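Examination of the molecular architecture
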Amino acid sequence: FAKRRGTFFPSIIANPDRYLFKMDSVKQWLVREAAAGKKLILVTNSDVDFAELVMQAAFGKGWRKLFVCNMFAARKGKGFFELPASETPFYSLKHD
């Protein structure tokens, strides 16, 4: 994504409004669930830069506040469930 290779990612970066949609009804549902005491987490295989673009388009700039934990490049599937913890380190990123 960051290297802008091929046509898929550069097209999305250049025209996010063409490919990505606001998800106000989903955002309101997430807000209701959090208000009801649910602890929401986001776990995605996407790298943080791509997830940032998609989630910001869908939910707006404050999207990270919808979740108590955001996990990127999670390697769900084999990496997330089957590899030993020593091979799947967690990193903490400070986001301003």
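That block above? That's the structure.
About the thresholds
- Residues numbered from 1 in each chain as written.
- Predicted model: local features only at pLDDT ≥ 70, side-chain atom pairs only at ≥ 80, totals over all residues.
- Heavy atoms only, no water.
- Helix = DSSP H or I, 4+ residues; strand = E, 2+ residues; numbered from the N terminus.
- Buried < 20%, exposed > 50% of the residue type's maximum accessible area, 1.4 Å probe, protein only.
- Areas by Shrake-Rupley, 256 points an atom, 1.4 Å probe, with all protein chains shown as cover.
- Salt bridge = Lys/Arg side-chain N within 4 Å of Asp/Glu carboxyl O.
- Contact = heavy atoms within 4.5 Å.
- Expected span 1.5 Å × (residues − 1).
- Phe/Tyr/Trp six-rings, centres within 6.5 Å; stacked < 30°, edge-to-face > 60°.
- Core = buried A, V, L, I, M, F, W, Y, C linked by side-chain atoms within 4.5 Å.

Turning our attention to the overall build of the chain. Secondary structure assignment for the chain yields five helices and two strands. Going residue by residue from the N terminus, the α and β elements of the chain occur as α-α-α-β-α-β-α. Counting every position in the chain, which comprises 96 residues, the buried fraction comes to 23%. Looking at the chain as shown, the accessible area adds up to about 7300 Å², and 57% of this sits on carbon and sulfur atoms.

We now examine the pattern of salt bridges. Scanning all chains against the criterion turns up two salt bridges. Across the salt bridge formed by Glu33 and Lys38, the nearest N and O atoms sit 3.1 Å from each other. Judged by its relative accessible area of 21%, Glu33 is partly exposed. A salt bridge links Glu52 to Arg64, with the nearest nitrogen and oxygen atoms 3.0 Å apart. One end of the pair, Glu52, is in helix α4 (residues 48–59); the other, Arg64, is in the loop between α4 and β2 (69–71), and 12 residues separate them in sequence. With relative accessibility at 17%, the residue Glu52 sits in the buried group.

Turning our attention to the environment of Met23. When you line up the elements, Met23 lands in the loop between α2 (16–19) and α3 (24–35). Linking Met23 and Gly60, residues 37 residues apart in sequence, is a C-alpha distance of 9.1 Å. Sequence-distant contacts of Met23, that is, excluding residues within four places in its chain, are made with Ala58 and Phe59.

A rise of 1.5 Å per residue sets the reference length of α3, with its 12 residues, at 16 Å; its end C-alpha atoms lie 16 Å apart and thus fit the reference within 8%. Of the residues one or two after α3, Gly37 is the one with positive phi, at around 95 degrees.

In this section: the packing of aromatic side chains. What the rule picks out here adds up to four aromatic pairs. Where Phe9 meets Phe50, the ring centres are 5.2 Å apart and the plane angle is 70 degrees; that geometry is what we call edge-to-face. Of this pair, Phe9 sits in helix α1 (residues 8–14) while Phe50 sits in helix α4; the two residues are 41 residues apart in sequence, bridging distant segments of the chain. Judged by centre distance (6.3 Å) and plane angle (85 degrees), the rings of Trp63 and Phe72 are edge-to-face. Neither residue differs from the other here; Trp63 and Phe72 are each classed as buried. Site record: aromatic cluster; members linked through ring pairs are Phe8, Phe9 and Phe50.

Time to look at the nonpolar core. Counting residues in each nonpolar core, the largest one holds 11 residues, listed as Leu30, Leu40, Leu42, Ala51, Met55, Ala58, Phe59, Trp63, Leu66, Phe67 and Phe72. Top contributing element to this core by residue count: α4, with four residues. What Ala58 contacts, discounting residues up to four positions off in sequence, is Phe21, Lys22, Met23 and Asp24.

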